[in-house]
Amino acid sequence: MAKKTLKQVDNLPKGISYRKNEDRYLGRITYNGKSYIRYDTNVGRLDRVLNQLRRDLKEGRDVEAGNQTLNEWFDTWMKLYKSKTVKIGTYENYRRHYNYYVREGIGKKRLKEITVSDIQGLYNSLDDRGFSKGMIKLVNATLNGCFTKAIKNRMIEFNPVTYAEIPNAKPRKERVALTKEIQQAFLKYGKESYLNSFFKVALMTGLRRGELQALRWQDINFDKKTIYVRKTLIWIEGKGNYLDTPKTKSSKRNIPMNLDLLNFITKLKATADEIGLGNNDNYVFSLPDGTPISRYRVSAELTRVQDEMINAGYEFKRFTCHALRHTYATRAIENGISPQNLKSLLGHSALAITMDLYSHVMEDTKISEMEKLNGVF
């Protein structure tokens with residue numbers, strides 16, 4: 001049996017007393033008429049805590065702020081520092097990621113007690129659950145901003161987020177683009193869908209789902225044969241649909257309409273005019289009451305059309321609406337559109353993103369490209 005360590009009870013440092021019934025030391029400081037109490041089982045450690053506390057109080061640090069939970073501070077940080085400084089879409093991403101991944105775990109711990117191991121454990125658990133490195137980076141960025149502001153507000157002295165490591169990336173999911181055969185089948189079986197025009201324009205323009213949902217007739221210039229991408233539609237819990245600015249500055253772009261696209265959009269406009277939904281403020285793609293198409297409807301209808309294709313004997317990997325954007329890009333590359341022009345059409349923020357897509361597509365076509373060199377040498 002281990003021998004019990006004798007407690008120091010005499011000649012204790014200033015402000016410290018021994019509580020025999022609790023078998024621990026109590027440290028007390030009075031500053032500007034207010035009393036501050038700390039406890040510890042080690043007298044030397046408690047003395048260091050009290051000395052730091054005296055310095056913090058003298059320097060005007062909010063010494064009690066670190067006692068609030070991470071959840072409490074996150075909510076304050078979002079309300080005071082983020083609600084007026086970031087796009088509403090970015091704000092909602094912060095809130096959604098935090099609520100889903102952090103709030104019910106380390107979010108309940110006191111801010112000043114969260115360690116590097118706590119943060120690392122969170123990242124490792126997300127990795128074990130199969131979340132992508134990109135998703136973990138989003139959580140990391142949110143937490144880092146939250147803790148950095150806490151340090152600037154002199155609530156805590158240490159940011160554990162900066163010392164945690166993002167787990168090694170798993171192999172990136174393969175980009176999904178429809179083959180020409182599956183593309184034609186999709187157009188065939190989607191013809192009877194009430195979202196047929198939505199899907200077809202997605203394939204013809206490469207617009208993101210939110211950009212298509214946000215498209216209004218005022219964004220279509222028939223004289224200049226141009227689609228102006230200026231908004232994206234997001235869903236905010238408790239508030240409903242919201243027209244936000246696009247994903248990045250480069251996402252704001254003009255899409256020239258070729259003859260096929262112009263004719264198709266012109267027919268859509270004529271139909272919209274007939275039913276009273278062709279005014280400038282009306283959505284190009286909407287329900288009969290004029291409300292925009294929700295992402296849930298898009299997802300459900302994509303699933304339904306794919307079910308019909310599978311029942312008809314087609315074999316393919318199931319795909320989301322984003323695959324229609326990749327399909328547009330793939331057809332563009334196959335038909336000779338340059339990387340720089342494709343970057344502009346897709347609204348990529350960097351040419352490297354487009355080139356990554358280019359490399360992926362060219363991997364599939366380089367064999368046929370090599371055949372062009374037959375008889376050259």
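Residues numbered from 1 in each chain as written. Predicted model: local features only at pLDDT ≥ 70, side-chain atom pairs only at ≥ 80, totals over all residues. Heavy atoms only, no water.

### Focus on the pattern of salt bridges
- Taken as a whole and assessed by the stated rule, the structure comprises 14 salt bridges.
- Ionic pairing is found between Lys-269 and Asp-273, a salt bridge with its closest N-O pair at 2.9 Å. Note that Lys-269 and Asp-273 are positioned in helix α9 (residues 259-274) at a spacing of 4 residues, about one turn of the helix.
- Here Lys-269 falls in the buried class, since its relative accessible area comes to 19%.
- Beyond isolated ion pairs, a larger network of salt bridges with shared partners links Arg-208, Glu-211 and Arg-253. (Salt bridge = Lys/Arg side-chain N within 4 Å of Asp/Glu carboxyl O. Helix = DSSP H or I, 4+ residues; strand = E, 2+ residues; numbered from the N terminus. Buried < 20%, exposed > 50% of the residue type's maximum accessible area, 1.4 Å probe, protein only.)

### Looking at the packing of helix α6 (residues 180-189) against helix α7 (residues 196-205)
- Running from amino to carboxyl end, α6 crosses α7 at an angle of 155°, the nearest separation of the two axes being 10 Å. Considering their axes alone, α6 and α7 lie roughly antiparallel with respect to each other. Pair α6 / α7 crosses with left-handed handedness. Two secondary-structure elements touch here, α6 through Gln-183, Phe-186 and Leu-187 and α7 through Asn-196, Phe-199, Lys-200 and Leu-203.
- Looking at the contact of α6 with α7, its residues break down into 4 nonpolar, 2 polar and 1 charged. (Axes fitted to C-alpha atoms, helices over the stretch in contact; angles between N-to-C directions. Parallel < 35°, antiparallel > 145°, perpendicular 65-115°, else oblique. Left-handed = near helix turned anticlockwise from the far one by under 90°. Contact = heavy atoms within 4.5 Å. Nonpolar A, V, L, I, M, F, W, Y, C, P; charged D, E, K, R; others polar.)

### Some thoughts on helix α5 (residues 133-152)
- Between its first and last C-alpha atoms α5 spans 28 Å; for 20 residues at 1.5 Å apiece the expected length is 28 Å, and the two agree.
- Among all positions in α5, only Ile-136, Val-139, Asn-140, Thr-142, Leu-143, Cys-146, Phe-147 and Ala-150 are buried. An end-on view of α5 places all buried positions within 165° of arc, on one side of the element.
- Structurally, α5 contributes buried residues whose contacts are with α2 (70-82), α3 (88-101) and α4 (116-128).
- With its phi angle positive at about 60°, Arg-154 sits one or two positions after the end of α5. (Expected span 1.5 Å × (residues − 1). Arc of directions from axis to C-beta.)

### Regarding the side chain of Gln-306
- Along the polypeptide, Gln-306 turns up in helix α10 (residues 295-311).
- Judged by relative accessible area, Gln-306 falls into the buried class, the value being 2%.
- Other than its neighbours up to four places away in sequence, Gln-306 contacts Phe-316, Arg-318 and Phe-319.

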